[in-house]
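Structural characterization, general
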Amino acid sequence: MALIMGSETEFGLTSRGRAGIHDFLFEIDKQRGPAFTSRKSGEVAEAAKKLNWWGEDLSFDETVDKRAGFADVARRLGMSGDYLSNGARFYRDCGHLEYSTPECRNPWELVAYEKAGEEIVRLCVARAAERLGSKADLLKRNADYHDSSYACHANYLLSRKLFNLLVPSFDVETLGASDFLSREQAIWTAHNISMQIFAGAGRIVPGIAWPDCFIPSQRQKFITHFAALDTTHARSIINTRDRPYADPSRFARLHVICCDSNRADWSNILKYGTSSLVLGALEDFAALENESYGYLTPANAVQSFRNLKDRNSQIETSAGIITALDMQRKILEFAANWHQKHGKPGYEWAPLLFAMWKEILDLLERDDEKLRMLLDRYIKQRVFEKGFGSSDQNSRTLKSLEHNYHLVDHNSLFGRLEKEGHVDVVVGSDDVEAAFASPPPTRASLRCRLLRFLKKRFEDGRGVVSWHSLGFTDGRRKVFISLPDPASSRAHEISEEKSSFSERLFSRKRIWG
């Protein structure tokens with residue numbers, strides 16, 4: 001199974017002038033210019049039949065709002081918004097700006113494209129502010145002080161077999177140690193609970209005295225279910241959505257909604273990298289059957305996730321009590337044993353990630369001062385303790401510092417900390433600039449080349465574009481291209497009403513290299 005990962009960032013936007021949020025969103029929509037993608041409901045419906053490879057129920061009540069119904073269908077099939085020249089997707093979802101990275105091969109590459117997305121969205125908001133004569137703050141965070149949450153979603157390409165072992169086909173609010181469907185599910189859950197000690201972005205909870213008001217994760221208090229399909233009202237450790245945007249007989253996409261949006265490279269790389277390695281090990285779990293993993297079966301998954309406070313937090317498991325730090329050490333050992341015995345192509349970056357993983361756990365055990373340059377939670381804590389010494393948790397200073405930390409702006413608190421050398425930068429400006437300009441050599445690269453070619457070929461026509469397919473028509477001709485493998489930069493199938501055009505399209509080898 002080729003390793004592919006990606007992320008979706010939901011950005012917060014607050015207005016600081018006469019223009020409201022909807023004015024900004026409308027202005028950003030105008031910036032993108034005339035939509036090439038079809039907005040006609042009939043063409044969307046026709047495309048949906050071809051794009052819905054996994055048989056999702058896309059029905060809606062046409063008597064209520066037919067236009068909104070077709071817009072929702074387009075969103076669920078990945079047809080809404082714009083596919084950018086770097087392979088990413090930028091769109092408006094449920095009233096907020098959202099950026100999805102292209103299909104990436106390793107955590108460093110993913111973080112580069114995520115940081116490029118921050119700059120893309122920042123530029124759009126800055127242009128909108130200039131045209132509106134107003135101001136707005138763009139935020140990369142997961143919670144405000146009014147019990148609202150906006151997410152970071154991570155996505156991992158899995159085999160269909162592992163997906164079925166991890167993801168139940170029904171919602172589960174709570175889950176005890178004896179209720180897990182599989183050992184794979186238990187280990188994956190244990191990882192998501194305990195990795196908050198390095199991947200959590202830290203959050204101030206109003207109404208609680210300092211320092212108890214500072215918890216490790218932004219999403220922590222919003223997770224209410226063990227498993228659920230919904231991503232807005234029943235947020236869960238395991239999201240049950242089965243929407244692979246690929247060949248569903250071969251692939252599945254694990255949609256992870258319980259992680260934080262990070263600013264620090266170390267937190268971000270470890271979040272994606274450790275998760276990818278755990279999933280890689282779980283793909284081959286049968287080969288490790290002789291090992292004992294009782295300490296990786298949480299007794300109460302949701303409670304453990306919501307109540308974790310620090311590295312020494314005790315987690316009840318089927319084999320006894322274990323700290324979050326020791327749980328991560330066992331997961332590290334599990335993944336490292338797998339890689340040593342069964343390492344596969346595509347994981348050449350794993351030794352460096354294992355070294356970072358071990359180093360951060362060692363630093364956490366010592367509560368080393370170096371953590372204040374590496375992990376979001378500790379960087380924020382250092383700033384808060386320096387700039388805020390009283391115990392008044394409602395201080396405007398404290399909230400202002402947290403707000404400013406998550407601002408997507410070169411002069412934000414986090415931006416200044418980077419410039420002054422107080423934050424360790426792993427993915428530098430050269431990598432981000434490259435990610436801003438061009439796609440990675442995965443399906444994203446082929447999709448970009450085909451999109452450029454077909455836009456020229458059907459200059460006066462319309463099209464629908466999704467992660468896994470492209471379809472275009474000018475009224476006389478129709479072409480539909482399938483891209484079922486997220487790791488591949490080769491087209492799988494091209495169908496067109498006039499065979500001569502298809503033959504010419506196939507002959508252009510430069511399109512897919």
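Remember, predicted model here, so these are calculated numbers, not experimental data.

**Details of the overall build of the chain**
A tally of regular secondary structure across the chain gives 17 helices and 17 strands. Within the span of the chain, comprising 513 residues, buried residues form 59% of the whole. A total accessible area of about 21,400 Å² is found for the chain, and carbon and sulfur atoms account for 48% of it.

**A short note on the packing of aromatic side chains**
Going through the model one piece at a time under the given rule, you end up with ten aromatic pairs. Measuring from ring centre to ring centre gives 5.4 Å for Trp-54 and Tyr-245, while their planes differ by 85 degrees; the resulting arrangement is edge-to-face. Remark: Tyr-245 occurs in the loop between strand 10 (236-239) and strand 11 (251-259) and Trp-54 occurs in the loop between helix 2 (41-51) and helix 3 (62-76); sequence separation between them is 191 residues. The buried category is assigned to Trp-54, whose relative accessible area is 15%.

**So, the pairing of strand 1 (residues 5-15)**
Extensive coverage of strand 1 is indicated by the burial of nine of its eleven residues. Pairing between strand 1 and strand 6 (residues 152-159): five bridges, direction antiparallel. Bridge pairing links Glu-8 to His-153 in strand 6. Across four bridges, strand 1 lies against strand 5 (residues 136-139) in antiparallel orientation. Bridging across to strand 5, Leu-13 finds its partner in Leu-138.

**Here we look at the pattern of salt bridges**
If you walk through the whole model with that rule in mind, you get 24 salt bridges. A single salt-bridge network, built from bridges that share partners, covers Glu-114, Glu-118, Lys-140 and Arg-263.

**Considering helix 16 (residues 443-457)**
Spanning 15 residues, helix 16 covers 21 Å between terminal C-alpha atoms, matching the ideal 21 Å at 1.5 Å per step. Every buried residue of helix 16 is listed here: Arg-443, Ala-444, Ser-445, Leu-446, Arg-447, Cys-448, Leu-450, Leu-451, Phe-453 and Leu-454.

**Comments concerning the packing of helix 6 (residues 183-194) against helix 8 (residues 265-283)**
At a minimum axis separation of 11 Å, helix 6 and helix 8 run at an interaxial angle of 170 degrees. Viewed along their axes, helix 6 and helix 8 adopt a mutual orientation that is roughly antiparallel. Across the interface between the two elements, Glu-184, Ile-187, Trp-188 and His-191 from helix 6 touch Thr-274, Ser-275, Val-278, Leu-279 and Leu-282 from helix 8. Broken down by class, the residue content of the contact of helix 6 with helix 8 amounts to five nonpolar, three polar and one charged.

**A closer look at the confidence of the model for the chain**
Parts of the prediction with low pLDDT should not have their coordinates interpreted in detail. Looking at the chain as a whole, its pLDDT mean stands at 86, while 87% of the residues score no less than 70. Residue range residues 498-513 is modelled with pLDDT below 50. Its contacts to residues more than four positions away, or to other chains, number 35 contacts.

**Comments concerning the environment of Asp-171**
Among the secondary structure elements, Asp-171 is positioned in the loop between helix 5 (160-166) and helix 6. Sequence separation between Asp-171 and Leu-229 is 58 residues; the distance between their C-alpha atoms is 6.8 Å. If near-sequence neighbours (up to four positions away) are discounted, Asp-171 is found in contact with Ala-227, Ala-228, Leu-229 and Thr-240.

**Let's talk about the packing of helix 4 (residues 107-132) against helix 8**
For any two helices packed against each other, the geometry is given by the interaxial angle and the distance between the axes. The interhelical angle for the contact between helix 4 and helix 8, taken along N-to-C directions, is 125 degrees, at an axis separation of 9 Å. Taken together, the axes of helix 4 and helix 8 lie oblique to each other. Along this stretch, helix 4 crosses helix 8, giving a crossing that reads as right-handed. Contacts between helix 4 and helix 8 pair Pro-107, Trp-108, Leu-110, Val-111, Glu-114 and Lys-115 from the former with Asp-265, Asn-268, Ile-269, Tyr-272 and Gly-273 from the latter.

**As for the environment of His-468**
With respect to the helices and strands, His-468 occurs in the loop between strand 14 (462-465) and strand 15 (469-473). His-468 sits in the buried class, given a relative accessible area of 0%. His-468 sits 15 residues away from Leu-483 along the chain, and the two C-alpha atoms are 4.7 Å apart. Residues contacting His-468, with those up to four places away along its chain left out, are Leu-51, Trp-53, Trp-54, Leu-77, Tyr-245, Ala-246, Arg-443, Ile-481, Ser-482, Leu-483 and Pro-484.

**Examining the environment of Phe-458**
Following the sequence through the fold, Phe-458 ends up in the loop between helix 16 and strand 14. Separated by 21 residues in the primary sequence, Phe-458 and Val-479 place their C-alpha atoms 9.9 Å from one another.

**Some points on helix 1 (residues 21-31)**
Within helix 1, the full set of buried residues consists of Phe-24, Leu-25, Glu-27, Ile-28 and Gln-31. In a view along the axis of helix 1, the buried residues occupy a sector of 165 degrees, so they form one face of it. For helix 1, exposure combined with an orientation more than 90 degrees from the buried face picks out His-22 and Phe-26. Of the surrounding secondary structure, the elements contacted by the buried residues of helix 1 are strand 1, strand 3 (89-93), strand 4 (96-100), helix 4 and strand 5.

**With respect to unusual backbone geometry**
Of note, the phi angle at Tyr-245 is positive, near 50 degrees, even though the residue is not glycine. The class for Tyr-245 is buried, based on a relative accessible area of 8%. Backbone geometry at Asp-367 places phi at a positive 50 degrees, although glycine is not the residue there. Within the secondary structure, Asp-367 is located in the loop between helix 11 (350-366) and helix 12 (376-387).

**Re the nonpolar core**
Within the largest apolar cluster, 103 residues are counted, with the highest numbers of intra-cluster contacts made by Phe-198, Leu-277, Trp-357, Ile-360 and Leu-375. Per-element accounting of this core gives the leading share, 13 residues, to helix 4. Leu-375 has contacts with Ile-197, Phe-198, Ala-264, Trp-266, Ser-267, Leu-270, Ile-360 and Leu-364, leaving out every residue within four places of it along the chain. Core analysis: the next-biggest nonpolar cluster, separate from the first, contains 26 residues, Leu-51, Leu-58, Met-79 and Val-464 among them.

**Thoughts on the pairing of strand 12 (residues 314-317)**
The alternating pattern of strand 12 places Ile-315 and Thr-317 on a buried face and Gln-314 and Glu-316 on a face that is not buried. The pairing of strand 12 with strand 13 (residues 320-323) spans four bridges and is antiparallel. Within the sheet, the bridge partner assigned to Thr-317 lies in strand 13 and is Gly-320. Counted between consecutive antiparallel strands, the loop separating strand 12 from strand 13 contains two residues.

Conventions used here
- Starting from 1, residues in each chain are numbered consecutively following that chain's sequence as written.
- Where local features are concerned, this predicted model is filtered to residues with pLDDT of at least 70; where side-chain atom pairs are given and counted, the filter is 80 or more; whole-chain, interface and lining totals use all residues.
- The side-chain quantities take in all heavy atoms of the structure and omit both hydrogens and water.
- Each helix is a run of H or I in the DSSP string that is no shorter than four residues. Each strand is a run of E no shorter than two, and both are numbered from the N terminus.
- Burial here depends on accessible area, computed with a 1.4 Å probe over protein chains only, as a share of the maximum for the residue type. Under 20% is buried, over 50% is exposed, and the range in between is partly exposed.
- Using a 1.4 Å probe, accessible areas were evaluated by the Shrake-Rupley method; residue-level cover was limited to the displayed protein chains.
- Ring pairs shown here join Phe, Tyr and Trp side chains whose ring centres sit within 6.5 Å, with only the six-membered ring taken for Trp; geometry is labelled stacked below 30 degrees between planes, edge-to-face above 60, and tilted in between.
- Between any two strands, at least two bridges found by DSSP are needed for them to pair.
- The salt bridge definition used is simple: a Lys or Arg side-chain nitrogen within 4 Å of an Asp or Glu carboxyl oxygen.
- Each residue after the first adds 1.5 Å to the expected span of a helix.
- Angles here are taken between N-to-C directions and fall from 0 to 180 degrees, while the axes themselves are lines fitted to C-alpha atoms, restricted in helices to the stretch in contact.
- Orientation categories follow fixed angle ranges, with anything under 35 degrees roughly parallel, anything over 145 roughly antiparallel, 65 to 115 roughly perpendicular, and all other angles oblique.
- Any two residues having at least one pair of non-hydrogen atoms within 4.5 Å are treated as being in contact.
- Amino acid classes used here: Ala, Val, Leu, Ile, Met, Phe, Trp, Tyr, Cys and Pro are nonpolar; Asp, Glu, Lys and Arg are charged; the rest, including Gly, are polar.
- Each residue carries a pLDDT value, the predictor's own confidence for that position, ranging from 0 to 100.
- Helix crossings fall into two classes, left-handed where the near helix is turned counterclockwise from the far one by less than a right angle and right-handed where it is turned clockwise.
- Our arc is simply the arc of the directions from the helix axis toward the C-beta atoms.
- Definition used in this section: a nonpolar core is a set of buried Ala, Val, Leu, Ile, Met, Phe, Trp, Tyr and Cys residues joined via side-chain atoms within 4.5 Å.

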